[in-house]
There are 2 protein chains.
Amino acid sequence: MYCMRKVVSSGQPTIKEIAKRLNISVSTVSRALHDHHSIGLRTKTRVKQLAAEMNYERNQTAIYFQQGKTFTIGILLPELSEAFFSSAISGIEDTAYSNNYTVLLGQSHDDEDREKQIIQSMKQHRVDGCIVSIGKNTSSYDHFEMLQQARIPVVFFDRIPDLPNIHSVSCNLESGTVQAVDFLLKQGHRIIGMINGPETMVASKERATGYIKALRKHRLKYDPELIVNADLTATGTAEAMQYLLSLKRKVTAVVTFNDYVAMDAVQYALKQKLEINKDITFVSYANTPVSGYTAFPPAASVEQFPYEQGQAATNMLMSLLSGEQALNDYKHTIMESQLVIHHR
Amino acid sequence: MYCMRKVVSSGQPTIKEIAKRLNISVSTVSRALHDHHSIGLRTKTRVKQLAAEMNYERNQTAIYFQQGKTFTIGILLPELSEAFFSSAISGIEDTAYSNNYTVLLGQSHDDEDREKQIIQSMKQHRVDGCIVSIGKNTSSYDHFEMLQQARIPVVFFDRIPDLPNIHSVSCNLESGTVQAVDFLLKQGHRIIGMINGPETMVASKERATGYIKALRKHRLKYDPELIVNADLTATGTAEAMQYLLSLKRKVTAVVTFNDYVAMDAVQYALKQKLEINKDITFVSYANTPVSGYTAFPPAASVEQFPYEQGQAATNMLMSLLSGEQALNDYKHTIMESQLVIHHR
DNA sequence: TTGTAAGCGTTATCAC
DNA sequence: GTGATAACGCTTACAA
């Protein structure tokens, strides 16, 4: 005969207790609380009343366990305090919330090991799916393949890995760049420089392609001299500016990699006694709100919609979870970037 | 005789399967995997080997359920995309991570109903504890009392409710304000204005008190005319500036509510053809990194350490969860703010 | 309309 | 050193 272990009773009432008090079975209580059709009105109200009285609340951990589903999605991002990602999380959380999902959070700090540990932990938590933006230096993707094998769908966004079979959402900067260069051309600029990012980045390639396409559209010749790859630091930007301003063909406008680079470039131009928006005009990316507070914000900036990217990624995950989209139906949603004009 | 329901088998192997394959009992498997002392080396290795082979991973949902503990903490914040809060989350997540806790996230958008729903959802998720920064308009605290009743500890931070028995972490702005005013006085400023926030905010009161204390320290008379309460919008700030500049006593420095207000105030001053840091000097709060990119950043800014506040709140929650600190031992950790000087 | 009991995966208690 | 089994709270197929 085994000892009846004393129930630890977390204090929280259970359906068992409700059942005992009403002298009915737990299944009846369960069904009553779920508004099951086969339950008599009288019993139903009695149950609900007592449940309310006892402050009953269902134990989700039991339900998760029993149903093998947690209504939780894992989010893995490099850095929560980066403006781009915090907007993205905001979009993810809002969308998840309205689909009755909650959000488990982890930041990798661009560290591959930590990334693996977080994925591991999310897998153990039995999240229903994941939304991931990979770290700068992540080179092996085994941890994500483990997730796939465990049939946990993953949607990558913004920083997506170079793999064939993945679900992803990202923002194509090509169209935004075309708009940006169009904008400058319409203002009469003909010699337009570009301070681009490291050549290796997908985002840099998209910018360059957009730049060239826009010129071609206007039947203008593309001069490779005018695009310079920089490292996005303040000094790198100053050097790039120095180079561009030293060219024989007089540059009257510059497309910069992002608003921060634009600010650094503006500082350099001011030192050279150039008048912003007259001697030289800047256009950039990200549309960071704070750049509105600077003395000389870029004349226009390409919005990359982090909040919307977060929404799109979450929606895609939701259709994967609902079965609406098959797990092996790999989709790559590409959002279009868009130029926002601040000053003509 | 009841039908043996076919196991749905989420695909993930269980200790049961391992036991069957090795012809031993589940308890043995469980113990082997936990390195229980009473298990023979042979069995232990056999079990571990097979487990690895089968890609066995323990089902945390089962363990959470069984142990009544989830190693998850809930975080409720007004707005994830606000720089202050995203730094705070970053600190919370890092600390939680190193204590083997994961983080469940929710944003209230300053909406009281959503706040209640999120708390409800976290309670249902059976989080072990919560870290909360309340919404602007939250006036009833029943939802938090429910948590307390359910013995789920809550640590409030930054935006803390006006209640007697709570755990909290916040940053006292009084000392930072004293430093800020000291700084200006040492530079020779004697007529110092202050654009403060709404009178109702605790943070506004702390700023005003600090301002007055600093003057008293230097045996200077406090002129109430010099403190103006504004609504933190750009137009509100412009009005406040107009008022301050209209005073008979010539204001040469202004303490603004935060860096954004400072930027707005700078814009107004520039329009009035005032030279920044010469005709008028600004000092503010938050030490937002981007203000470094503006043409005229405040000469100094009071750092409020969001990351560290997040850490402190998480550490406090950890000691509550470990029992190191009793649930009814209400502590209010007050961090000191600190002036960061950008320009002399 | 309601009750009975199996089963989800794990741990822990007890017996051998 | 190992096995059998209760218990955690809930849902649900089946019986009554």
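Residues numbered from 1 in each chain as written. Chains lettered and ligands numbered in written order. Predicted model: local features only at pLDDT ≥ 70, side-chain atom pairs only at ≥ 80, totals over all residues. Heavy atoms only, no water.

**A few points about the overall build of chain A**
To be explicit about the condition: Counting from the N terminus, the helices are the DSSP runs of H or I reaching at least four residues and the strands are the DSSP runs of E reaching at least two. Only the C-alpha atoms count toward the radius of gyration. The rule for a globule is 2.2 Å times the residue count to the power 0.38. Think of it in three bands: with a 1.4 Å probe and only protein chains considered, a residue is buried below 20% of the maximum accessible area for its type, exposed above 50%, and partly exposed in between. Two residues qualify as a contact provided that any one of their heavy atoms is within 4.5 Å of a heavy atom in the partner residue. Computed with the Shrake-Rupley method and a 1.4 Å probe, the accessible areas treat only the protein chains shown as cover for residues. His is not counted here, nor are the chain ends, while Lys and Arg score as positive and Asp and Glu score as negative. Just so you know, the charge point we use is NZ for Lys, CZ for Arg, CG for Asp and CD for Glu.
The number of helices and strands found in chain A is twelve helices and twelve strands. Expected size for 344 residues packed as a compact globule is a radius of gyration near 20 Å; at 28 Å, chain A overshoots this value by more than 25%. Overall size of chain A, expressed as C-alpha extent along the three principal axes, is 95 × 40 × 35 Å. Of all 344 residues assigned to chain A, the portion counted as buried reaches 52%. Taking all contacts inside chain A whose residues are at least 6 apart in sequence as the whole, residues at least 24 apart take part in 71%. Accessible area for chain A stands at about 16900 Å²; split by element, carbon and sulfur atoms hold 51% of it. Of the charged side chains in chain A, 36 are positive and 35 negative, and the gap between their average positions amounts to 7 Å.

**Considerations on the nonpolar core**
Counted only if it meets this: We define a nonpolar core as any set of buried Ala, Val, Leu, Ile, Met, Phe, Trp, Tyr and Cys residues linked to one another through side-chain atoms lying within 4.5 Å.
The biggest cluster of nonpolar side chains holds 48 residues, and the ones touching the most others in it are I73, L105 and F157 of chain A together with I73, L105 and F157 of chain B. Aside from chain neighbours lying at most four places away, what touches L105 of chain A is I75, L80, I89 and M122 of chain A together with I89, E93, V103 and L105 of chain B.

**Concerning the sheet that holds strand 10 (residues 300–303) of chain B**
Residues and elements named next belong to chain B. The condition is simple: Pairing between two strands requires that DSSP report at least two bridges joining them. The convention used is that axes are lines fitted to C-alpha atoms, helices contributing only their stretch in contact, and that angles between N-to-C directions extend from 0 to 180 degrees.
Strand order across the open sheet formed by six strands is 7-6-8-9-10-12, with mixed pairing between neighbours. Single-partner strands in this sheet number two, and they are strand 7 (227–229) and strand 12 (338–341). Direction aside, the axes of adjacent strands within the sheet are offset by 20° on average. The pairing of strand 6 (residues 192–196) with strand 7 spans three bridges and is parallel. Bridging across to strand 7, N196 finds its partner in N229. Helix 8 (residues 173–186) rests against strand 6, strand 8 (253–256), strand 9 (281–285), strand 10 and strand 12 of the sheet, and its axis sits at about 165° to strand 9.

**Focus on the domain arrangement of chain A**
Test applied: Segment limits for the domains were obtained from an automatic or database-derived domain assignment.
Structurally, chain A comprises domain 1 (15–58), domain 2 (70–165 + 306–334) and domain 3 (173–303). Centre-to-centre separation of domain 1 of chain A and domain 2 of chain A, based on C-alpha positions: 38 Å.

**Re the relation of the copies chain A and chain B**
So the rule is basically this: To line up the copies, we fit them by least squares on C-alpha atoms, keeping just the residues with pLDDT of at least 70 in both.
Overlay of chain A on chain B (RMSD 0.5 Å): rotation 180°, translation along the axis 0.4 Å. Read as a symmetry element, the transformation amounts to a two-fold axis. Of all interface residues in chain A, 100% are interface residues in chain B too; the two copies therefore contact each other through one and the same surface.

**Concerning empty space enclosed by the protein**
Here is the rule we go by: Only protein atoms enter the calculation, which uses a 1 Å grid: trapped sets of points that fit a 1.4 Å probe without letting it out are cavities, open sets showing protein on both sides within 12 Å along at least five of seven lines are pockets, and any residue with an atom within 4 Å of a point is a lining residue. Grid points are joined across faces, edges and corners, and a volume is the space filled by probe spheres set on the points.
What the rule picks out here adds up to three cavities of 30 Å³ or more. Counted as a void, the largest cavity has a volume near 160 Å³. Along the wall of the largest cavity there are 13 residues; nearest its centre are Y64, T72 and H125 of chain A together with Y64 and H125 of chain B. For the lining of the largest cavity, the secondary structure elements donating two or more residues are helix 4 (60–67) of chain A together with helix 4 (60–67) of chain B.

**Some details on the packing of helix 10 (residues 234–246) of chain A against helix 11 (residues 259–271) of chain A**
All names here are of chain A. The cut-off we apply is this: Geometric relationships in this document are graded by angle, where less than 35 degrees denotes roughly parallel, more than 145 denotes roughly antiparallel, 65 to 115 denotes roughly perpendicular, and other angles denote oblique. Helix crossings fall into two classes, left-handed where the near helix is turned counterclockwise from the far one by less than a right angle and right-handed where it is turned clockwise.
Helix 11 packs onto helix 10 with a crossing angle of 55° between their chain directions and a minimal axis gap of 9 Å. When the interaxial angle is binned, helix 10 and helix 11 end up oblique. Helix-helix and strand crossings are classified by hand; for helix 10 and helix 11 the assignment is right-handed. On helix 11, the residues that touch A234, T237, A238, M241, Q242 and L245 of helix 10 are V261, D264, A265, Y268 and A269.

**Re the sheet that holds strand 7 (residues 227–229) of chain A**
Residue and element names in this part refer to chain A. Taken together, the six strands give an open sheet; going across it, the order is 7-6-8-9-10-12, and neighbouring strands pair in mixed fashion. The outermost strands of the open sheet, each flanked by one partner alone, are strand 7 and strand 12 (338–341). Strand-to-strand twist in this sheet, taken as the mean axis angle between neighbours without regard to direction, amounts to 20°. As defined by bridge partners, strand 6 (residues 192–196) adjoins strand 8 (residues 253–256) across four bridges and the pair is classed as parallel. When the sheet's bridge partners are listed, M194 is paired in strand 8 with V255. On the sheet, helix 11 packs against strand 6, strand 8, strand 9 (281–285) and strand 10 (300–303) and is oriented at approximately 160° with respect to strand 9.

**Concerning the pattern of salt bridges**
Rule in force here: We define a salt bridge as a contact between a side-chain nitrogen of Lys or Arg and a carboxyl oxygen of Asp or Glu at a distance within 4 Å.
Scanning the model with the defined rule gives 23 salt bridges over all chains in all. The network of salt bridges with shared partners includes D35, K44 and K48 of chain A.

**Examining the packing of aromatic side chains**
To be explicit about the condition: Whether two aromatic rings pair depends on their centres lying within 6.5 Å, for rings of Phe, Tyr and Trp, where Trp uses its six-membered ring; planes under 30 degrees apart make the pair stacked, over 60 edge-to-face, and the rest tilted. Cation placement over rings: the criterion is NZ of Lys or CZ of Arg within 6 Å of the ring centroid and within 35° of the ring normal.
If you walk through the whole model with that rule in mind, you get nine aromatic pairs over all chains. Consider the rings of F71 of chain A and Y101 of chain A, whose centres lie 5.2 Å apart with planes at 55°: the pair is tilted. On the criterion of sequence distance, the pair formed by F71 of chain A in the loop between helix 4 and strand 1 (72–77) and Y101 of chain A in the loop between helix 5 (83–98) and strand 2 (102–107) is long-range, its members being 30 residues apart. F71 of chain A gets classed as partly exposed once you look at its relative accessible area, which sits at 34%. On the basis of relative accessibility, which here comes to 8%, the residue Y101 of chain A falls in the buried class. One cation-aromatic arrangement involves R207 of chain A over F257 of chain A; the distance from NZ or CZ to the ring centre is 3.6 Å. Sitting over the face of the ring of Y285 of chain B, R207 of chain B holds its NZ or CZ atom 4.1 Å from the ring centroid.

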